[in-house]
Amino acid sequence: MSSVTYIKGLFKAQADVRSLDHGLFQGWVQLSRDDGEDPDDTVYEVEGTSASENEALEEAKALAHRILGDIES
């Protein structure tokens, strides 16, 4: 499965999925900020797990939208 990238101003949110034990999946988002100086990266994890990779990616995409929505442009 491919990651999904969203951009808002200087911020880039990359939503992706990781495989866990017992056939479960967890979505996560890497938020990057590049203002020309030191890049800043933060990783956010979706709370909970999902039974399918697609469901976990949807959760990660929703998290990315919430994170970018909270950022002032």
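Structure's up top.
Just so it is clear, the structure is predicted and the values come from calculations on it, not from any experiment. (Residues numbered from 1 in each chain as written. Predicted model: local features only at pLDDT ≥ 70, side-chain atom pairs only at ≥ 80, totals over all residues. Heavy atoms only, no water.)

Bridge count between strand β1 (residues 4-8) and strand β2 (residues 11-19): 5 bridges; the pairing is antiparallel. Looking at the pairing, Tyr6 lines up with Ala13 of β2. Hairpin connection, β1 to β2: the antiparallel pair is bridged by 2 residues, and Gly9 has positive phi, about 60°. (Pairing = 2+ DSSP bridges. Helix = DSSP H or I, 4+ residues; strand = E, 2+ residues; numbered from the N terminus.)

Let's shift gears to unusual backbone geometry. The phi dihedral of His22 is positive, around 65°, even though this residue is not glycine. Secondary-structure assignment places His22 in the loop between β2 and β3 (25-33).

Before going further, it helps to examine the side chain of Ser50. Here Ser50 lies in the loop between β4 (40-45) and α1 (53-69). Among all residues touching Ser50, those that are not within four sequence positions of it are Leu24, Phe25, Glu55, Ala56 and Glu59. (Contact = heavy atoms within 4.5 Å.)

Residues Tyr6, Ala13, Ala15, Val29, Leu31, Val46, Ala60, Leu63, Ala64, Ile67, Leu68 and Ile71 constitute the largest nonpolar core, which totals 12 residues. Of all the elements in the fold, those that place two or more residues in this core are β2, β3 and α1. The element best represented in this core is α1, accounting for 5 residues. If we skip the residues at most four places from it in the chain, Leu63 touches Val29, Tyr44, Glu45 and Val46. (Core = buried A, V, L, I, M, F, W, Y, C linked by side-chain atoms within 4.5 Å. Buried < 20%, exposed > 50% of the residue type's maximum accessible area, 1.4 Å probe, protein only.)

Right, let's get into the sheet that holds β3. The strands making up a sheet associate through hydrogen bonds between their backbones, and the pairing can be parallel or antiparallel. Spatially, the 4 strands line up as an open sheet ordered β1-β2-β3-β4, and their pairing is antiparallel. Of all strands in the sheet, those with a lone pairing partner are β1 and β4, marking the two edges. Shown here is a sheet whose adjacent strand axes are inclined to one another by a mean of 20°, direction ignored. (Axes fitted to C-alpha atoms, helices over the stretch in contact; angles between N-to-C directions.)

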